[in-house]
Every structure is written in structure tokens, then in C-alpha cells.
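Coordinate inspection notes
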Amino acid sequence: MAEVSEEYVNFKCMLEYFVSHLEYIQNEDTTYVGYEKYIKPYVDKNNFKKLGQGYAGHNIQNQVSKWATYDCGTIFLNVANNYGDYKTRLCYLNWEDTGVNIIAKWDENEHIIGLVLHIYHQYKNGDKTIKDRKDVGSVKTLNTLGLFDGNQPNNELMEFLDDFKKLLADDQQTVINELEDKKMERQIEQLKNVKNIIFTGAPGTGKTYYAEEIAQKMNAVYKIVQFHPSYDYTDFVEGLRPVEKNGTLGFERKDGVFKEFCALALKNLEDSAKSKEVQEKEATVTDLIDEFISDATDNSTPFKITTGNEFFVDSSDQKYVYVKIPSNDKRNELTLQKQVLVDLLSADEKIKTSGAIRDFYNRKWRTQEDSYYFALYEKLYEKKSSHTKADVKQIERKDFVFIIDEINRGEVSKIFGELFYAIDPGYRGKKEKAVQTQYQNLIHDGEAFKDGFYVPENVYIIGTMNDIDRSVESIDFAFRRRFTWTEITAESSLSILDKDESWKDYGEKPSDDEISKLKNRLINLNKAISDIDGLNSAYHIGGSYLLKYASYNKAEAFEKLWTNHLQGVLFEYLRGRPQIDKILADLKNAYFNETVENEEDSEDQGE
């Protein structure tokens, strides 16, 4: 028979002692099978501890200490009575700092017939304390586990320990998740209050990943952009972009990525405030316009303005209708806003002349486009009453999170321009504080921010940046004071390694033992970095660097991580220093040390 691990042997002794202890104190039976081996030696020396909480440091733990330590933690013996009765869940074995327990099951004759895994959790729900208890799996009889049979641990007992360990790992992950959730809830609350946050920290601390997690936790619409030295105002806010029409190259004003994002947020804000009746009305009108424009394009339908000029719908997209005017030599093409047609058709009163469009938008002058809007409007109005009513769901107000990765790598004053004023948290959602952007005069009726740009109240901004980037110094005070700055430390980033989803882009998640070794190596490496003159926590290595471990063969993964990913970063930290090779060698030795004192203590404990 193959040799059995010492842990299984110890676990068998632990269970036999637990059963013997409870049988003795419940029944005072000195003939019980385990009494002579486990209980009598302590009784004879008059140092038998009947009651106590092992997890609290009580002396009862000394009676099982030689079987209590395992690779994943320590098992504690806990015994309390309930008015002289010991057949309760107050007598149990548990993993240290958890509610992962083993309890005894008794028969009607007050003898133990088996053992079962048991989970106990206690938590607050408002002013109430909720105690959640449940057995996990089936009861294992003493015979099934092979207790007191004098043989090596059997398969059932080994599986029982394996399941007990798995429950521990699951419970630890639950605790980690709960702590992460609480941390994230606090961060979301802060973001809601301050509107703009920048996450700073050492390289690889998962700042962008964390920003995405926050947006997802908020159930927000979110978008990520990355700044770089070539990024500018036209990319971010608005600018003139080249367009080709009929072989002629021209320029059109286009919203940048941030302004476009804010327009979506503003539309959601406005639509969610509308009644379902109004939403149905606008959706019906939108369906009518799309159907009408599509037919007009396919059939080359001619239209006439009041002066008799004929025009055709050439094409359309989600926002615009493009028309051709063959008889107009000066301007034979126009771009119309679909939203203008939606606005006009949704109005309470019929628009009777093209001049009334000017009044509808409170303009001082008419535009060439008004005549063409009116011509299409009249045809659409005729079909409006007979068009099938759209069925819509009430639009839910949503949060919108705009994430700027490596915000310091761009020249922020050039990118934001006059938006420095608009992104101020104090001006969020205030139309009266709208700023005039550089191409404000080119914004047409029906477009968002026609009267000036402001950031809607449901928009939040998260930036990320590495503390040690040289470009950090380029961010001026006017920009800095509009953001709240939060550090993501390398130590806190180690929690990335515990999450299954963190590994999905790299390979299979390593075992708990491998993850523990990865964490220990990184802790030792970062301690060594801090010991170097001129370096500090800003130069630490974050946990996300270690995710690349899963991309390599396990036999060489640690070495590959150092050679391909860590050594180069550390060399850049040390560039220009004397004895760089010696310092790198010291750092490598620290990285390859897998043992580190565990400084984390949980406040949770068994029942």
C-alpha cells in the first residue's frame, strides 16, 4: 500500500480525539474505544481540559496541538456546553479565523454516529445580527471514516480532509470578495461625491483594471481611452475632420471621443426623465423617419422646397440625412440632422412654414437647411397619424464612466482646452455654466450642446497614471485640483491574483500554493526595492505583472517572469547607478525567496 501523507494520519488522530473527548464529557464513559489512547493520559495527570475555545488560545488546544497544523492552516478544538449538554454545535473543530467547522451527529442514545462539515457565518443586517448555519455534504459515519480501526487513513477520510480544505479555500475567497466589495463600495461612493478621480500607483498595480471593475459594479456605460503625446483637442473634444464627397475633399466638424460620450450620457439623462408616453411618441416618430428616409433613398424620390428647387435624399446614417440639390450650382449638397425632424414631429403644434423652424429653436435668423427640413417634415407629417405606434420600455437612468488610461502621457492642457472649466466637479450638470467650445459656431440645431458644452451630472471621470513616469510633472495645478487622487499600492494589488477572472487572458489560474509563492516573491522583491537608496513604494512591482506566470510552463515560469518581465523594469529603475549588476543580483535573490512572514490577520473566527 502506498505511503499516506502525514497530514491524513494527523487528521485521523484529530477526529478520533474529538469524538473521544465529546463521548467522555457527555457520558463519562471510560470504556469508550478512544478513552485509553486519547483521554486517560490527561485525566491521570489531572490536566484534562474539559471546556475551552482553542481559537481563543485556551489550554484545551494543547490536547490536540500535535495534530493541528496543516499546509493551509490550523485546526482548533472548541468545546462549550448548553446547560450541561454537549450534543450541540457549540462543540466543533474549525479552521483558524473561519466558520468552516466539523460537528458531531448523535443518536437517540447520546452516542456519536458520525461527523459532518458545517459552515457558520455571522453578519449584520441593519440593526440585526444574522447567524447563518448549514451542513455541507452528507454525514460521514465513524465506520465510513475508519475511525478507531487501527489502520492507515482510508479514502473516505482523505476525501473528508480534502473537502474540509476546499471549504476553507472557498471561505477565504468569500472573505476576500467581501472585503473587495466593501472597498469598491467605498470607492464608488467617493467617485459619486467627487465626480473625478485619478488612480496613481506603482507599475502593474491594476489601476485600469480596477477602474473597469468600478464601472461594471456601478452597472455604468463606460469607455476607455489612452492618452499619448500625439493626442489632442480634436481627438478629445471636437475638430475639423477631412471628408470626401463626390470626389471632393472637404472638412466637417466632428465631436471628439469625450464630447460624443457626454452626448450619449445627456441623451440618457433626458430620455430617462421622460414619461413612457413621450418616449413612445418619439420612438414612433424615429421609426417613421428611418422608414421614410430609407424608401426615399431607394426610390430616388424627388422633393421640392417652397421656391421650387428639387432635391433628393442621397443617403443617411444614424444621425444625419444627406441630400443632393442638382439645380443649386453653389451648394448642391446639404447635411440635415435627423434629430431636428424628430423634434419637429414631436412638437405639440404643427409647424406651418419653414420660417417657424427658426422660431421653434429660438434663433434670430433662418438657415438654408430650414427649407429642406420643412419639405421633409410636411411629407412625414402626412404619414404620422397612420404609422404604427412603437412599443418601448421605460428608459432607465444610467451612470456613465469615462476612463482615461495613462492620463499623464498626454499634454492635458492641449487636450482639454477650455474643458478644464467644464470638468470641475462644482459645475457638473449645470447648463448655465456651459462653455463655448472652439467650433461652437458650427454646431447645428438638434445636436447636443448646441448652446454650449457642459458635463452631464451622470458622467464620472477616472484617470490612471504611474507615479514614477517622468511626464507626471507636466500636469499643472489647475488640472490637479479638479481631481481626487487615490493611490493603488502594490500590496493591495496582490488581491488581483485571487480572482479567477484576472487570469482568463493569460491561461489557467495557478493553484493556491503557487499563488501564495507568487505573492511571497513579490513581497520580498518590493521590500528589497524599498531598501535601495532613492527608491520607495512608487517603484514597487504590482501584482498584475505576475499574471504572466500562467503563460509559461510551470517548470520555468518563475524564471521566465524574472527574465522577460521584471528584470528589464528594474534595470530601468537603476540605470546610471554604480554596481547595477550587484543590485540586480540582490533583487533577484529576493524575488527567488518564497518564504515570507504572513502579516495578515483576519478578525473572523469559528462559532
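Attention here is on the structure that accompanies the text. All values reported here derive from a predicted model rather than from experimental measurement.

**Focus on unusual backbone geometry**
Of note, Phe148 is a non-glycine position whose phi angle comes to about 65 degrees, a positive value. Along the polypeptide, Phe148 turns up in the loop between helix 3 (142-145) and helix 4 (155-194). With a phi close to 50 degrees, Ser300 is a non-glycine residue in the positive phi region. Within the secondary structure layout, Ser300 lies in the loop between helix 8 (276-299) and strand 12 (302-304). For Ser300, a relative accessible area of 46% gives the class partly exposed.

**Points about the pattern of salt bridges**
In total, this model carries 41 salt bridges according to the counting rule given. Between Lys517 and Asp513 there is a salt bridge, and its shortest N-O distance comes to 3.5 Å. You can see Lys517 and its partner Asp513 sitting in helix 15 (residues 512-530), four residues apart, about one turn around the helix. Among the residues examined, Asp513 registers a relative accessible area of 48% and is labelled partly exposed. For Lys554, the salt bridge is made with Glu514, and the minimal N-O distance between the two is 3.4 Å.

**With respect to empty space enclosed by the protein**
Enumeration according to the criterion identifies one cavity of 30 Å³ or more in this entry. Each pocket or cavity is described by its volume, and for the largest cavity that value is around 100 Å³. Taken together, 13 residues line the largest cavity, and the ones lying closest to its centre are Glu180, Tyr210, Ser492, Ser495 and Ile496. Sorting the residues of the lining of the largest cavity by element identifies helix 4 and helix 5 (207-217) as the ones contributing at least two each. Grouping the amino acids of the lining of the largest cavity by side-chain chemistry returns four nonpolar, five polar and four charged.

**Structural notes on a nonpolar patch on the surface**
Together, Leu240, Phe251 and Leu442 give the surface a local cluster of nonpolar side chains, amounting to about 280 Å² of exposed area. In this structure, Phe251 sits in strand 11 (residues 248-255).

**Description of helix 15**
Taking 1.5 Å of rise per residue, 19 residues should cover 27 Å, and helix 15 covers 27 Å from first to last C-alpha, within 8% of that figure. Taken together, the buried positions of helix 15 are Glu514, Ile515, Leu518, Lys519, Asn520, Arg521, Leu522, Asn524, Leu525, Asn526, Ala528 and Ile529. On the buried face of helix 15, the contacting elements are helix 16 (557-574) and helix 17 (580-591).

**A short note on the sheet that holds strand 12**
Reading across from one edge, 12-13-14-15 is the order of the four strands in this open sheet, with antiparallel pairing throughout. The open sheet has two edge strands with one neighbour each: strand 12 and strand 15 (333-337). Sheet twist, expressed as the average angle between the axes of neighbouring strands with direction ignored, equals 40 degrees. For strand 13 (residues 310-316) and strand 14 (residues 320-324), the ladder comprises four bridges, and the chain directions are antiparallel. Bridged to Phe312 within strand 14 is Lys324. Along the sheet, helix 8 makes contact with strand 12, strand 13 and strand 14, crossing strand 13 at roughly 110 degrees. Packed onto the sheet, helix 11 (residues 368-384) meets strand 12, strand 13 and strand 15 and runs at close to 65 degrees relative to strand 15.

**Let's talk about the packing of aromatic side chains**
Evaluated as defined, the whole model comprises 40 aromatic pairs. Where Phe11 meets Phe160, the ring centres are 6.1 Å apart and the plane angle is 45 degrees; that geometry is what we call tilted. Residue Phe11 is located in helix 1 (residues 6-27), and its partner Phe160 is located in helix 4; the two are separated by 149 residues in the primary sequence. In this structure, Arg521 is placed above the aromatic ring of Phe558, and the distance from its NZ or CZ to the ring centre is 3.6 Å. The ring of Tyr591 has Arg521 lying over it, and the distance from NZ or CZ to the ring centre is 5.3 Å.

**Examining the pairing of strand 16 (residues 400-405)**
Every other side chain in a regular strand lies on the same face of the sheet, so the side chains alternate between the two faces. Judged by how many residues are buried, strand 16 sits mostly within the fold: six of six residues are covered. Bridge count for strand 9 (residues 221-226) against strand 16 is six bridges, and the pairing is parallel. Within the sheet, the bridge partner assigned to Gln226 lies in strand 16 and is Asp405. When strand 16 meets strand 17 (residues 459-466), the two strands line up parallel, connected through five bridges. Its bridge partner lying in strand 17, Phe402 is registered against Ile461.

**Some remarks on the packing of helix 9 (residues 338-346) against helix 11**
Packing of helix 9 against helix 11 brings their axes to within 10 Å, and their N-to-C directions diverge by 50 degrees. With respect to helix 11, the axis of helix 9 lies oblique. Once helix 9 is placed against helix 11, the crossing between them reads as right-handed. Two secondary-structure elements touch here, helix 9 through Val340, Leu341, Leu344 and Leu345 and helix 11 through Tyr373, Leu376, Tyr377, Leu380, Tyr381 and Lys384.

**Here's the deal with helix 17**
For helix 17, with twelve residues, the first-to-last C-alpha span of 16 Å sits near the 16 Å given by 1.5 Å per residue. Buried-residue contacts for helix 17 involve helix 15 and helix 16.

**Some thoughts on the packing of helix 8 against helix 11**
It is at 11 Å that the axes of helix 8 and helix 11 come closest, and there the two elements cross at 115 degrees. Viewed along their axes, helix 8 and helix 11 form a crossing whose handedness is right-handed. When helix 8 is examined against helix 11, the residues Lys281, Leu288, Ile289 and Phe292 are found in contact with a partner set consisting of Leu376, Lys379, Leu380, Lys383 and Lys384. Considering only residue class, the contact of helix 8 with helix 11 consists of five nonpolar, no polar and four charged.

**Concerning the nonpolar core**
Looking at soluble globular proteins, one finds that nonpolar side chains tend to be buried together. Phe11, Leu15, Leu22, Ile102 and Leu115 are the most contacted members of the largest nonpolar core, which has 47 residues in total. Among the elements of the structure, helix 1, helix 2 (35-44), strand 3 (73-79), strand 4 (92-95), strand 5 (100-106), strand 6 (112-125), helix 3 and helix 4 are those that each provide at least two residues to this core. Ignoring sequence-local partners within four residues, the contact set of Leu15 consists of Leu93, Ile102, Leu115, Leu145, Leu147, Leu157 and Phe160. In this structure, Tyr231, Ile407, Phe420 and Val459 belong to the second largest nonpolar core, which totals 36 residues.

**Points about the sheet that holds strand 9**
With respect to topology, five strands assemble into an open sheet ordered 9-16-17-8-18, the strand pairing being parallel. Looking at the sheet topology across the chains shown, the edges are occupied by strand 9 and strand 18 (484-488). Taking each pair of neighbouring strands and ignoring which way they run, the sheet shows an average axis angle of 20 degrees. Each of strand 9, strand 16 and strand 17 touches helix 7 (residues 257-272); the most contacted strand, strand 16, lies at about 165 degrees to it.

Scoring rules and cut-offs
- Residues numbered from 1 in each chain as written.
- Predicted model: local features only at pLDDT ≥ 70, side-chain atom pairs only at ≥ 80, totals over all residues.
- Heavy atoms only, no water.
- Helix = DSSP H or I, 4+ residues; strand = E, 2+ residues; numbered from the N terminus.
- Buried < 20%, exposed > 50% of the residue type's maximum accessible area, 1.4 Å probe, protein only.
- Salt bridge = Lys/Arg side-chain N within 4 Å of Asp/Glu carboxyl O.
- 1 Å grid on protein atoms, 1.4 Å probe; cavity = no way out; pocket = protein on both sides within 12 Å on 5 of 7 lines; lining within 4 Å.
- Points joined across faces, edges and corners; volume = space filled by probe spheres on them.
- Nonpolar A, V, L, I, M, F, W, Y, C, P; charged D, E, K, R; others polar.
- Patch = residues over 30% accessible without salt bridge, like charges linked within 9 Å, V, L, I, M, F, W, Y side chains within 5 Å.
- Areas by Shrake-Rupley, 256 points an atom, 1.4 Å probe, with all protein chains shown as cover.
- Expected span 1.5 Å × (residues − 1).
- Contact = heavy atoms within 4.5 Å.
- Pairing = 2+ DSSP bridges.
- Axes fitted to C-alpha atoms, helices over the stretch in contact; angles between N-to-C directions.
- Phe/Tyr/Trp six-rings, centres within 6.5 Å; stacked < 30°, edge-to-face > 60°.
- Lys NZ or Arg CZ within 6 Å of the ring centre and 35° of its normal.
- Parallel < 35°, antiparallel > 145°, perpendicular 65-115°, else oblique.
- Left-handed = near helix turned anticlockwise from the far one by under 90°.
- Core = buried A, V, L, I, M, F, W, Y, C linked by side-chain atoms within 4.5 Å.

Everything listed here is a matter of coordinates, which is why it stays silent on function.
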